[in-house]
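Residues per chain are reported as follows:
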Amino acid sequence: MKKIGTTRWNSKHHALQEIFHTTSTPNNDRYRYINLIKALHLLGYHEAVDSNTASDTRNLLEKWTNFEIILTSFIFLHIFEASTPVSAYLQTKNLDYIAAWNHISSLQEKMEKLATNFAEIYQKAKKKKRMDGELAIDELPTLSSVTNYKVTTFIPIMDQIKSTIQRRFSKCEDLMKSLAYLDPKRFVDINRGILLIDGDNHLLKRLTNLANVNHEKLIIELKDFAASFESLYLTINADLKKEKLYEVKKLSENDEDQKNQDEEDDFNSSNSENECKYCLPCVFRLLHKYNFHSSAYTNLYLTYKLILTLACTQVNCERSFSKLKIIETRLRASLGQELLEALLLISIEKDKIPNSERIISEFGKSSNLLSTKLLF
(Lines give C-alpha, C1' and ligand atoms only; values in the text may rest on other atoms or scores of the structure.)
Protein backbone atom coordinates (compact mmCIF):
# COMPACT_ATOMS: atom_id res chain seq x y z
CA MET A 1 0.00 0.00 0.00
CA LYS A 2 1.19 3.50 -0.82
CA LYS A 3 -0.32 6.77 0.33
CA ILE A 4 -1.54 9.01 -2.45
CA GLY A 5 -0.19 12.04 -0.61
CA THR A 6 3.40 10.88 -1.05
CA THR A 7 3.16 10.77 -4.86
CA ARG A 8 3.56 13.59 -7.35
CA TRP A 9 0.60 15.88 -7.93
CA ASN A 10 -0.18 14.53 -11.41
CA SER A 11 -0.23 11.01 -9.97
CA LYS A 12 -3.28 11.85 -7.87
CA HIS A 13 -5.43 11.99 -11.00
CA HIS A 14 -4.17 8.59 -12.11
CA ALA A 15 -4.75 7.18 -8.61
CA LEU A 16 -8.39 8.34 -8.58
CA GLN A 17 -8.96 6.90 -12.05
CA GLU A 18 -7.62 3.56 -10.83
CA ILE A 19 -10.44 3.55 -8.28
CA PHE A 20 -13.40 5.31 -9.94
CA HIS A 21 -12.52 5.19 -13.67
CA THR A 22 -13.31 8.42 -15.57
CA THR A 23 -16.19 10.79 -14.98
CA SER A 24 -17.90 9.56 -18.16
CA THR A 25 -17.87 5.90 -17.07
CA PRO A 26 -21.37 4.62 -16.19
CA ASN A 27 -21.78 3.95 -12.49
CA ASN A 28 -22.64 0.30 -13.08
CA ASP A 29 -19.25 -0.21 -14.76
CA ARG A 30 -17.12 1.12 -11.90
CA TYR A 31 -15.84 -2.35 -10.99
CA ARG A 32 -12.47 -1.06 -9.76
CA TYR A 33 -14.06 0.46 -6.68
CA ILE A 34 -15.80 -2.83 -5.94
CA ASN A 35 -12.51 -4.71 -6.30
CA LEU A 36 -10.82 -2.22 -3.99
CA ILE A 37 -13.42 -2.74 -1.26
CA LYS A 38 -13.21 -6.52 -1.62
CA ALA A 39 -9.40 -6.46 -1.44
CA LEU A 40 -9.40 -4.19 1.62
CA HIS A 41 -11.99 -6.38 3.35
CA LEU A 42 -9.97 -9.52 2.63
CA LEU A 43 -6.69 -8.02 3.87
CA GLY A 44 -8.32 -6.42 6.89
CA TYR A 45 -9.98 -9.52 8.27
CA HIS A 46 -7.87 -12.41 7.00
CA GLU A 47 -6.08 -14.29 9.76
CA ALA A 48 -2.88 -14.69 7.72
CA VAL A 49 -2.32 -10.92 7.51
CA ASP A 50 -0.16 -9.34 10.22
CA SER A 51 -1.84 -7.09 12.75
CA ASN A 52 -0.28 -3.80 11.61
CA THR A 53 -1.26 -4.31 7.96
CA ALA A 54 -4.73 -5.50 8.96
CA SER A 55 -5.25 -2.44 11.14
CA ASP A 56 -4.15 -0.03 8.39
CA THR A 57 -6.33 -1.83 5.88
CA ARG A 58 -9.44 -1.71 8.08
CA ASN A 59 -8.83 2.00 8.55
CA LEU A 60 -8.70 2.46 4.77
CA LEU A 61 -11.83 0.34 4.37
CA GLU A 62 -13.70 2.56 6.79
CA LYS A 63 -12.61 5.69 4.90
CA TRP A 64 -13.38 4.36 1.41
CA THR A 65 -16.89 3.34 2.49
CA ASN A 66 -17.53 6.82 3.85
CA PHE A 67 -19.80 8.74 1.50
CA GLU A 68 -18.13 12.07 2.18
CA ILE A 69 -14.76 10.63 1.08
CA ILE A 70 -16.35 9.23 -2.08
CA LEU A 71 -18.05 12.53 -2.90
CA THR A 72 -14.81 14.46 -2.37
CA SER A 73 -13.02 11.99 -4.65
CA PHE A 74 -15.57 12.55 -7.41
CA ILE A 75 -15.16 16.32 -7.07
CA PHE A 76 -11.40 16.11 -7.50
CA LEU A 77 -11.80 13.61 -10.34
CA HIS A 78 -13.82 16.22 -12.24
CA ILE A 79 -11.25 18.90 -11.40
CA PHE A 80 -8.29 16.77 -12.50
CA GLU A 81 -9.91 15.83 -15.81
CA ALA A 82 -10.11 19.52 -16.65
CA SER A 83 -6.74 20.62 -15.25
CA THR A 84 -4.44 17.70 -16.12
CA PRO A 85 -4.37 18.36 -19.92
CA VAL A 86 -3.59 22.03 -19.28
CA SER A 87 -0.86 21.15 -16.80
CA ALA A 88 0.65 18.65 -19.23
CA TYR A 89 0.68 21.20 -22.06
CA LEU A 90 2.33 23.87 -19.91
CA GLN A 91 5.15 21.39 -19.22
CA THR A 92 5.93 20.80 -22.90
CA LYS A 93 9.01 22.27 -24.51
CA ASN A 94 8.60 25.06 -27.07
CA LEU A 95 4.95 25.56 -26.20
CA ASP A 96 2.82 27.93 -28.24
CA TYR A 97 2.03 30.87 -25.97
CA ILE A 98 -1.28 31.71 -27.63
CA ALA A 99 -2.39 28.08 -27.43
CA ALA A 100 -1.22 27.97 -23.79
CA TRP A 101 -3.32 31.01 -22.92
CA ASN A 102 -6.33 29.52 -24.73
CA HIS A 103 -5.92 26.37 -22.62
CA ILE A 104 -5.84 28.48 -19.45
CA SER A 105 -8.93 30.45 -20.52
CA SER A 106 -10.74 27.20 -21.31
CA LEU A 107 -9.81 25.84 -17.87
CA GLN A 108 -11.25 28.93 -16.21
CA GLU A 109 -14.54 28.43 -18.08
CA LYS A 110 -14.64 24.75 -17.12
CA MET A 111 -14.09 25.60 -13.45
CA GLU A 112 -16.87 28.19 -13.59
CA LYS A 113 -19.20 25.58 -15.06
CA LEU A 114 -18.10 22.89 -12.63
CA ALA A 115 -18.83 25.19 -9.70
CA THR A 116 -22.54 25.07 -10.65
CA ASN A 117 -22.67 21.28 -11.17
CA PHE A 118 -22.58 20.06 -7.59
CA ALA A 119 -25.92 18.27 -7.93
CA GLU A 120 -24.66 16.26 -10.93
CA ILE A 121 -21.45 15.25 -9.13
CA TYR A 122 -23.46 14.30 -6.05
CA GLN A 123 -25.72 12.02 -8.05
CA LYS A 124 -22.74 10.26 -9.69
CA ALA A 125 -21.16 9.64 -6.30
CA LYS A 126 -24.50 8.50 -4.84
CA LYS A 127 -25.48 6.05 -7.60
CA LYS A 128 -22.83 3.41 -7.17
CA LYS A 129 -23.10 -0.27 -6.35
CA ARG A 130 -23.51 -0.82 -2.63
CA MET A 131 -21.30 -3.36 -0.91
CA ASP A 132 -21.81 -5.06 2.43
CA GLY A 133 -21.04 -2.63 5.19
CA GLU A 134 -21.69 0.48 3.07
CA LEU A 135 -24.38 3.01 3.72
CA ALA A 136 -27.80 2.15 2.39
CA ILE A 137 -29.83 4.74 0.49
CA ASP A 138 -31.77 5.71 3.58
CA GLU A 139 -28.48 5.99 5.50
CA LEU A 140 -26.99 8.52 3.09
CA PRO A 141 -26.47 12.06 4.33
CA THR A 142 -29.63 14.05 4.82
CA LEU A 143 -30.45 17.08 2.71
CA SER A 144 -29.22 19.43 5.41
CA SER A 145 -25.88 17.63 5.68
CA VAL A 146 -25.49 17.68 1.88
CA THR A 147 -26.15 21.41 1.87
CA ASN A 148 -23.68 21.85 4.68
CA TYR A 149 -21.05 19.87 2.72
CA LYS A 150 -21.66 22.01 -0.35
CA VAL A 151 -21.27 25.22 1.64
CA THR A 152 -18.30 24.20 3.79
CA THR A 153 -16.34 22.00 1.36
CA PHE A 154 -17.37 22.17 -2.31
CA ILE A 155 -17.79 25.93 -2.68
CA PRO A 156 -14.51 26.76 -0.85
CA ILE A 157 -12.64 24.24 -3.05
CA MET A 158 -13.97 25.76 -6.25
CA ASP A 159 -13.45 29.31 -5.04
CA GLN A 160 -9.85 28.51 -4.14
CA ILE A 161 -9.20 26.96 -7.56
CA LYS A 162 -10.73 29.87 -9.46
CA SER A 163 -8.91 32.48 -7.40
CA THR A 164 -5.60 30.64 -7.77
CA ILE A 165 -5.94 30.44 -11.56
CA GLN A 166 -6.88 34.10 -11.64
CA ARG A 167 -3.98 35.14 -9.41
CA ARG A 168 -1.31 33.07 -11.17
CA PHE A 169 -2.25 33.66 -14.80
CA SER A 170 -4.46 36.73 -15.27
CA LYS A 171 -1.61 39.19 -14.72
CA CYS A 172 0.46 37.37 -17.34
CA GLU A 173 -2.14 37.54 -20.12
CA ASP A 174 -0.59 40.49 -21.96
CA LEU A 175 2.92 39.13 -21.44
CA MET A 176 2.09 35.67 -22.82
CA LYS A 177 0.28 37.13 -25.81
CA SER A 178 3.18 39.48 -26.55
CA LEU A 179 5.63 36.57 -26.38
CA ALA A 180 3.63 34.91 -29.14
CA TYR A 181 4.75 37.67 -31.52
CA LEU A 182 8.37 36.69 -30.90
CA ASP A 183 7.72 32.96 -31.22
CA PRO A 184 9.24 31.81 -34.56
CA LYS A 185 6.32 29.43 -35.05
CA ARG A 186 4.15 32.55 -35.41
CA PHE A 187 6.34 34.32 -37.96
CA VAL A 188 4.28 32.80 -40.78
CA ASP A 189 1.15 34.38 -39.30
CA ILE A 190 2.93 37.75 -39.13
CA ASN A 191 3.99 37.51 -42.77
CA ARG A 192 0.47 36.59 -43.88
CA GLY A 193 -1.11 39.36 -41.85
CA ILE A 194 -2.99 36.95 -39.60
CA LEU A 195 -1.12 38.19 -36.54
CA LEU A 196 -1.16 41.98 -36.76
CA ILE A 197 1.63 43.81 -35.02
CA ASP A 198 0.37 47.31 -35.75
CA GLY A 199 -3.13 46.60 -34.50
CA ASP A 200 -2.02 45.01 -31.22
CA ASN A 201 1.32 46.71 -30.73
CA HIS A 202 0.30 47.69 -27.20
CA LEU A 203 0.98 44.08 -26.22
CA LEU A 204 4.66 44.53 -27.03
CA LYS A 205 4.99 47.71 -24.98
CA ARG A 206 5.34 45.78 -21.75
CA LEU A 207 8.23 43.82 -23.21
CA THR A 208 9.90 46.91 -24.63
CA ASN A 209 9.68 48.63 -21.26
CA LEU A 210 11.24 45.64 -19.53
CA ALA A 211 13.98 45.29 -22.15
CA ASN A 212 14.51 49.07 -22.30
CA VAL A 213 14.36 49.20 -26.11
CA ASN A 214 12.65 51.47 -28.61
CA HIS A 215 9.10 50.24 -29.29
CA GLU A 216 8.77 51.49 -32.89
CA LYS A 217 12.19 50.16 -33.90
CA LEU A 218 11.39 46.78 -32.38
CA ILE A 219 8.27 46.44 -34.53
CA ILE A 220 10.20 47.34 -37.69
CA GLU A 221 12.98 44.86 -36.87
CA LEU A 222 10.49 42.12 -35.99
CA LYS A 223 8.63 42.48 -39.29
CA ASP A 224 11.84 42.38 -41.29
CA PHE A 225 13.26 39.45 -39.32
CA ALA A 226 10.03 37.43 -39.61
CA ALA A 227 10.12 37.85 -43.39
CA SER A 228 13.69 36.54 -43.69
CA PHE A 229 13.70 34.00 -40.87
CA GLU A 230 12.94 30.93 -42.98
CA SER A 231 16.10 31.22 -45.05
CA LEU A 232 18.19 32.13 -42.02
CA TYR A 233 16.78 29.18 -40.08
CA LEU A 234 17.87 26.70 -42.74
CA THR A 235 21.37 28.14 -42.59
CA ILE A 236 21.80 27.94 -38.83
CA ASN A 237 20.30 24.46 -38.67
CA ALA A 238 22.80 23.17 -41.24
CA ASP A 239 25.67 24.76 -39.29
CA LEU A 240 24.49 23.17 -36.04
CA LYS A 241 24.54 19.73 -37.65
CA LYS A 242 28.12 20.27 -38.84
CA GLU A 243 29.21 21.48 -35.39
CA LYS A 244 27.70 18.48 -33.62
CA LEU A 245 29.24 16.06 -36.10
CA TYR A 246 32.65 17.72 -35.63
CA GLU A 247 32.35 17.39 -31.85
CA VAL A 248 31.54 13.69 -32.15
CA LYS A 249 34.56 13.12 -34.39
CA LYS A 250 36.81 15.09 -32.04
CA LEU A 251 35.76 13.02 -29.03
CA SER A 252 36.44 9.77 -30.82
CA GLU A 253 39.64 10.67 -32.73
CA ASN A 254 41.78 8.48 -30.46
CA ASP A 255 39.48 5.46 -30.63
CA GLU A 256 39.52 2.52 -32.95
CA ASP A 257 38.04 2.98 -36.40
CA GLN A 258 35.06 0.79 -35.63
CA LYS A 259 34.15 2.75 -32.49
CA ASN A 260 34.53 6.00 -34.39
CA GLN A 261 32.17 4.75 -37.05
CA ASP A 262 29.66 3.62 -34.42
CA GLU A 263 29.67 7.09 -32.86
CA GLU A 264 28.94 8.72 -36.21
CA ASP A 265 26.20 6.21 -36.95
CA ASP A 266 24.61 6.81 -33.55
CA PHE A 267 24.75 10.55 -34.11
CA ASN A 268 23.23 10.35 -37.58
CA SER A 269 20.44 8.03 -36.45
CA SER A 270 19.48 10.24 -33.52
CA ASN A 271 20.06 13.56 -35.24
CA SER A 272 16.63 13.57 -36.88
CA GLU A 273 15.01 13.20 -33.46
CA ASN A 274 17.13 15.90 -31.79
CA GLU A 275 17.08 18.30 -34.72
CA CYS A 276 16.72 21.93 -33.69
CA LYS A 277 13.15 23.12 -34.06
CA TYR A 278 11.59 26.58 -34.16
CA CYS A 279 12.21 27.92 -30.66
CA LEU A 280 13.20 31.11 -28.86
CA PRO A 281 16.76 29.93 -27.97
CA CYS A 282 17.29 29.03 -31.63
CA VAL A 283 16.38 32.56 -32.68
CA PHE A 284 18.64 34.08 -30.04
CA ARG A 285 21.49 31.82 -31.14
CA LEU A 286 21.01 32.89 -34.74
CA LEU A 287 21.04 36.60 -33.89
CA HIS A 288 24.20 36.24 -31.83
CA LYS A 289 26.11 33.81 -34.03
CA TYR A 290 25.77 35.88 -37.20
CA ASN A 291 26.36 39.19 -35.42
CA PHE A 292 22.89 40.52 -36.25
CA HIS A 293 22.66 42.03 -32.78
CA SER A 294 25.36 44.63 -33.44
CA SER A 295 23.48 46.65 -36.05
CA ALA A 296 20.52 45.11 -37.92
CA TYR A 297 18.42 43.71 -35.06
CA THR A 298 19.79 45.32 -31.92
CA ASN A 299 16.43 45.95 -30.27
CA LEU A 300 15.14 42.52 -31.23
CA TYR A 301 18.24 40.86 -29.82
CA LEU A 302 17.92 42.64 -26.47
CA THR A 303 14.25 41.66 -26.30
CA TYR A 304 15.05 37.98 -26.92
CA LYS A 305 17.82 38.19 -24.36
CA LEU A 306 15.25 39.37 -21.84
CA ILE A 307 12.48 36.88 -22.58
CA LEU A 308 14.85 33.92 -22.30
CA THR A 309 15.25 34.83 -18.63
CA LEU A 310 11.48 35.06 -18.03
CA ALA A 311 9.79 32.03 -16.46
CA CYS A 312 6.37 32.03 -18.10
CA THR A 313 5.53 28.85 -16.19
CA GLN A 314 6.84 27.37 -12.94
CA VAL A 315 7.65 24.02 -14.53
CA ASN A 316 11.44 24.36 -14.56
CA CYS A 317 11.53 25.72 -11.03
CA GLU A 318 9.33 22.94 -9.64
CA ARG A 319 11.25 20.32 -11.62
CA SER A 320 14.49 21.61 -10.08
CA PHE A 321 13.10 21.19 -6.57
CA SER A 322 11.93 17.68 -7.45
CA LYS A 323 15.43 16.80 -8.63
CA LEU A 324 16.85 18.29 -5.44
CA LYS A 325 14.71 15.98 -3.32
CA ILE A 326 15.88 12.99 -5.35
CA ILE A 327 19.58 13.87 -5.19
CA GLU A 328 19.94 15.29 -1.67
CA THR A 329 18.58 12.41 0.38
CA ARG A 330 19.28 11.82 4.05
CA LEU A 331 22.23 9.66 3.08
CA ARG A 332 23.69 12.53 1.03
CA ALA A 333 23.05 15.29 3.53
CA SER A 334 26.77 16.07 3.74
CA LEU A 335 27.11 16.96 0.04
CA GLY A 336 29.01 20.18 -0.51
CA GLN A 337 27.42 23.07 -2.38
CA GLU A 338 29.76 22.76 -5.36
CA LEU A 339 29.18 19.02 -5.83
CA LEU A 340 25.43 19.38 -5.26
CA GLU A 341 25.20 22.12 -7.87
CA ALA A 342 27.14 20.00 -10.37
CA LEU A 343 24.88 16.98 -9.79
CA LEU A 344 21.77 19.14 -10.17
CA LEU A 345 23.01 20.60 -13.46
CA ILE A 346 23.78 17.12 -14.79
CA SER A 347 20.34 15.88 -13.77
CA ILE A 348 18.29 18.89 -14.88
CA GLU A 349 20.18 19.63 -18.10
CA LYS A 350 20.87 16.01 -19.07
CA ASP A 351 19.54 16.62 -22.58
CA LYS A 352 22.51 18.95 -23.13
CA ILE A 353 25.01 16.15 -22.51
CA PRO A 354 25.74 14.46 -25.87
CA ASN A 355 26.85 11.06 -24.59
CA SER A 356 26.87 10.62 -20.81
CA GLU A 357 27.90 6.95 -20.91
CA ARG A 358 30.98 7.78 -22.95
CA ILE A 359 31.94 10.62 -20.60
CA ILE A 360 31.66 8.28 -17.60
CA SER A 361 33.78 5.66 -19.37
CA GLU A 362 36.52 8.14 -20.23
CA PHE A 363 36.49 9.57 -16.69
CA GLY A 364 36.65 6.06 -15.21
CA LYS A 365 39.76 5.23 -17.21
CA SER A 366 41.68 8.07 -15.58
CA SER A 367 42.56 5.99 -12.47
CA ASN A 368 42.35 2.44 -11.19
CA LEU A 369 40.08 3.43 -8.32
CA LEU A 370 37.57 5.20 -10.59
CA SER A 371 37.77 2.30 -13.00
CA THR A 372 36.63 -0.16 -10.32
CA LYS A 373 33.86 2.16 -9.13
CA LEU A 374 32.45 3.41 -12.45
CA LEU A 375 33.20 0.70 -15.01
CA PHE A 376 31.54 -2.69 -14.95
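Residues numbered from 1 in each chain as written. Predicted model: local features only at pLDDT ≥ 70, side-chain atom pairs only at ≥ 80, totals over all residues. Heavy atoms only, no water.

A. Structural context of the overall build of the protein. When helices and strands are tallied, the protein shows 18 helices and zero strands. For the protein, with 376 residues in total, the buried portion stands at 33%. Once local pairs closer than 6 in sequence are excluded, the contacts in the protein between residues at least 24 apart make up 68%. Within the structure as shown, the protein displays about 23,700 Å² of accessible surface, and the carbon and sulfur contribution to it stands at 53%. (Helix = DSSP H or I, 4+ residues; strand = E, 2+ residues; numbered from the N terminus. Buried < 20%, exposed > 50% of the residue type's maximum accessible area, 1.4 Å probe, protein only. Contact = heavy atoms within 4.5 Å. Areas by Shrake-Rupley, 256 points an atom, 1.4 Å probe, with all protein chains shown as cover.)

B. Focus on the nonpolar core. Ranked by size, the top nonpolar core spans 75 residues in total, and within it Leu-71, Phe-225, Leu-300 and Tyr-304 carry the most contacts. Considering every element that reaches this core, the biggest residue donor is helix α4 (residues 67-90), with eleven residues. Setting aside residues up to four positions removed in sequence, Leu-300 forms contacts with Leu-182, Leu-218, Glu-221, Leu-222, Phe-225 and Leu-287. (Core = buried A, V, L, I, M, F, W, Y, C linked by side-chain atoms within 4.5 Å.)

C. Representation of helix α3 (residues 51-64). In this model, α3 (14 residues) spans 20 Å end to end at C-alpha, consistent with the 20 Å of a helix rising 1.5 Å per residue. Burial in α3 covers these residues: Ala-54, Thr-57, Leu-61 and Trp-64. Buried residues along α3 cover an arc of 95° about the axis, so they all sit on one side. The exposed set on the far side of α3, more than 90 degrees from its buried face, consists of Ser-51, Asn-52 and Glu-62. Structurally, the start of α3 carries an N-cap: the backbone nitrogen of Asn-52 is 3.3 Å from a side-chain oxygen of Asp-50. (Expected span 1.5 Å × (residues − 1). Arc of directions from axis to C-beta. Polar contact = N/O pair within 3.5 Å; in protein donor to acceptor, adjacent residues only side chain to side chain.)

D. Molecular detail of a nonpolar patch on the surface. Taken together, Leu-339, Leu-343 and Ile-346 make up a surface patch of nonpolar side chains, about 250 Å² in accessible area. A residue is classified by how much of its surface remains accessible, and Leu-343, at 31% relative accessible area, is partly exposed. (Patch = residues over 30% accessible without salt bridge, like charges linked within 9 Å, V, L, I, M, F, W, Y side chains within 5 Å. Salt bridge = Lys/Arg side-chain N within 4 Å of Asp/Glu carboxyl O.)

E. Looking closely at the packing of helix α10 (residues 202-211) against helix α14 (residues 298-307). Remark: α10 packs on α14, axes separated minimally by 9 Å, with the N-to-C direction vectors making an angle of 90°. Taken as axis vectors, α10 and α14 run roughly perpendicular relative to one another. Contacts between α10 and α14 involve Leu-207, Leu-210 and Ala-211 from the first element and Leu-302, Thr-303, Leu-306 and Ile-307 from the second. Taken together, the residues of the contact of α10 with α14 break down into six nonpolar, one polar and no charged. (Axes fitted to C-alpha atoms, helices over the stretch in contact; angles between N-to-C directions. Parallel < 35°, antiparallel > 145°, perpendicular 65-115°, else oblique. Nonpolar A, V, L, I, M, F, W, Y, C, P; charged D, E, K, R; others polar.)

F. Expanded view of the packing of helix α5 (residues 97-114) against helix α8 (residues 173-181). Contact geometry for α5 and α8: axes closest at 7 Å, N-to-C directions at 150°. Here α5 is positioned roughly antiparallel relative to α8, judged by the angle of their axes. Side by side, α5 and α8 meet where Tyr-97, Ile-98, Ala-100, Trp-101 and Ile-104 of the first sit next to Glu-173, Met-176, Lys-177, Leu-179 and Ala-180 of the second. By residue class, the composition of the contact of α5 with α8 is eight nonpolar, no polar and two charged.

G. Quick look at unusual backbone geometry. A positive phi is found at His-21, a non-glycine position, where the angle reads about 65°. For His-21, the position within the fold is in the loop between α1 (9-20) and α2 (31-45).

H. Spotlight on the packing of aromatic side chains. Applying the stated criterion across every chain yields a total of 13 aromatic pairs. Seen in terms of ring centroids, Phe-225 and Tyr-297 are 5.2 Å apart; in terms of plane orientation they differ by 70°. Their pairing is edge-to-face. Of this pair, Phe-225 sits in helix α11 (residues 215-251) while Tyr-297 sits in the loop between α13 (280-289) and α14, and the two are 72 residues apart along the sequence. Of the residues examined, Phe-225 reaches a relative accessible area of 0% and is grouped as buried. Here Tyr-297 falls in the buried class, since its relative accessible area comes to 8%. (Phe/Tyr/Trp six-rings, centres within 6.5 Å; stacked < 30°, edge-to-face > 60°.)

I. Here's a closer look at the confidence of the model for the protein. Overall, the predicted model of the protein reaches an average pLDDT of 76, with 77% of residues at or above 70. Least confident of the elements in the protein is helix α12 (residues 257-271), whose mean pLDDT is 44; most confident is α3, at 89. Ignoring residues within four places in sequence, the model shows residues 131-139, a span with pLDDT below 50, making twelve contacts including any to other chains. (pLDDT = per-residue confidence, 0-100.)

J. Spotlight on the side chain of Ser-73. Among the secondary structure elements, Ser-73 is positioned in helix α4. Here the side chain of Ser-73 touches Ile-69 through a polar contact of 2.8 Å, landing on its backbone oxygen. Setting aside chain neighbours within four positions, we find Ser-73 in contact with Leu-16, Phe-20 and Trp-64.

K. Expanded view of the pattern of salt bridges. Tallying each qualifying case throughout the model produces five salt bridges. Here Asp-189 and Arg-186 are joined by a salt bridge, their closest N and O atoms 3.1 Å apart. Overall, the relative accessible area of 17% leaves Arg-186 in the buried class.

L. Seen up close, the environment of Ala-100. As for its placement among the helices and strands, Ala-100 is situated in helix α5. Ala-100 sits in the buried class, given a relative accessible area of 0%. In contact with Ala-100, other than residues within four places in its own chain, are Tyr-89, Leu-90, Leu-95 and Met-176.

M. Structural context of the environment of Ile-346. Take Ile-346: it is sitting in helix α16 (residues 337-348). For Ile-346, a relative accessible area of 47% gives the class partly exposed. Linking Ile-346 and Ser-356, residues ten residues apart in sequence, is a C-alpha distance of 9.4 Å.

N. Molecular detail of α13. The set of residues buried in α13 consists of Leu-280, Cys-282, Val-283, Phe-284, Leu-286 and Leu-287. Residue Asn-291 follows α13 closely and has a positive phi angle near 60°.

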